[in-house]
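Structural features, examined
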Amino acid sequence: MDIFGSNGHDIDGTHVDVSFLINGRRMRMLPLGVFTPLFWQQHRTRKCAVSLAQIQAALREEGFQIHRNATESLQIHCDYIL
């Protein structure tokens, strides 16, 4: 599974936003960005719980730290800790 994608504003390669596919469909946890209603966020989080847990575990194992902010976390924004 390809989990790394460019976030468009990274300069040094230590910050990434991760995207993922389920059954060939890209999952967008915040389809309306920060304006995505909480209900939609919770629904998508439940729907993708297993995949999210696997992705976050793999990222942590590779030295990434998932952002503490809830919105950034749903974007799977993370920083590489040296």
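Above this note sits the structure.
For the structure given in this document, a descriptive report is provided here.

About the cut-offs
- Residues numbered from 1 in each chain as written.
- Predicted model: local features only at pLDDT ≥ 70, side-chain atom pairs only at ≥ 80, totals over all residues.
- Heavy atoms only, no water.
- Core = buried A, V, L, I, M, F, W, Y, C linked by side-chain atoms within 4.5 Å.
- Buried < 20%, exposed > 50% of the residue type's maximum accessible area, 1.4 Å probe, protein only.
- Helix = DSSP H or I, 4+ residues; strand = E, 2+ residues; numbered from the N terminus.

Focus: the nonpolar core
Counting 13 residues, the largest nonpolar core has Phe20, Met29, Cys48, Leu52, Ile55, Leu59 and Ile76 as the members making the most contacts within it. At the level of elements, α2 (49-61) and β5 (64-66) are the ones that each hand at least two residues to this core. Per element, the largest residue contribution to this core is 3 residues, and it comes from α2.

Concerning unusual backbone geometry
At asparagine 23, a position not held by glycine, the phi torsion is positive, near 50°. Structurally, asparagine 23 is set in the loop between β3 (20-22) and β4 (25-27). By relative accessible area, which is 79% here, asparagine 23 ends up exposed.

What about the environment of phenylalanine 20?
Along the chain, phenylalanine 20 falls in strand β3. For phenylalanine 20, a relative accessible area of 1% translates into the label buried. As a C-alpha pair, phenylalanine 20 and isoleucine 55 span 35 residues in sequence and 8.6 Å in three-dimensional space.

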